[in-house]
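In case you want the letters, here they are:
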Amino acid sequence: MRVADGDFPTVVNSGYTVKITHGGSAPPFQYLGRTQGSPVPGAVTVIEPHEVVSCLDQDKTAADGQAIVQLMFIDADLMPVGTGRPRFHEVTYPDRSLFNGITALHRGLAHGEDELDLESSLIHLLTVPLARHADAPGAVSPTLRPRALRQVREMLHSQLSSNI
């Protein structure tokens, strides 16, 4: 996927989003209430389900219009659940072997490789970021929020296109 000028919408996905950047410059983005720096080529970015991700207009000028990224949208139900979903403390990971595995999976999908091989690769790839970068399901995470803040977040999600 090539990201064109102005093609940085505000989104909320129901599953995990895993992004790799091959080259170019994507703008910084807003996530978990903080501005996240531009992902560097070779790194892996993980966005958790039901979180708002947006790019502010002034940040779009930081992009060179030539970012080359690949995305995977992973249904949250595919992740091991236990007593809760896995939590990631960072957003971007400089994990070259994970990056290479995701690249190989995208290549296999594009070339129509055997579905069973691709499914096995995906299952393996899902275990790598969990083992290296996530808390076990149900672990207490510093990103957990009190009930009142969760309610505010839900209200904001329901009115993404409004000027609140």
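The coordinates are above.
Notes on the structure in this doc start here. Source: prediction; values computed, not measured.

### Digging into the packing of aromatic side chains
Scanning all chains against the criterion turns up 2 aromatic pairs. Put simply, the rings of Tyr-16, Phe-88 and Tyr-93 touch in pairs and so form one group of aromatic residues.

### What to know about the sheet that holds strand S5 (residues 44-47)
One key point about sheets: their strands pair by backbone hydrogen bonds, in either a parallel or an antiparallel sense. The strand order across the open sheet formed by 4 strands is S7-S2-S5-S9, and the pairing between neighbours is antiparallel. Edge positions in the sheet fall to strand S7 (68-74) and strand S9 (92-93), since each has one partner strand and no second. Pairing of S5 with S9 involves 2 bridges; the strand directions are antiparallel. When the sheet's bridge partners are listed, Val-44 is paired in S9 with Tyr-93. Contacts from helix H2 (residues 96-110) reach strand S2 (16-23), S5 and S7 within the one sheet, and its direction differs from that of S2 by about 95°.

### Brief notes about the sheet that holds strand S3 (residues 29-31)
Read across the open sheet, the 4 strands follow the order S1-S6-S3-S4; overall the sheet is antiparallel. Single-partner strands in this sheet number two, and they are strand S1 (11-12) and strand S4 (34-36). One ladder, built from 2 bridges, connects S3 with strand S6 (residues 52-54); its direction is antiparallel. Each residue of the ladder has a partner; that of Gln-30, found in S6, is Ser-54.

Cut-offs and rules
- Residues numbered from 1 in each chain as written.
- Predicted model: local features only at pLDDT ≥ 70, side-chain atom pairs only at ≥ 80, totals over all residues.
- Heavy atoms only, no water.
- Phe/Tyr/Trp six-rings, centres within 6.5 Å; stacked < 30°, edge-to-face > 60°.
- Pairing = 2+ DSSP bridges.
- Helix = DSSP H or I, 4+ residues; strand = E, 2+ residues; numbered from the N terminus.
- Contact = heavy atoms within 4.5 Å.
- Axes fitted to C-alpha atoms, helices over the stretch in contact; angles between N-to-C directions.

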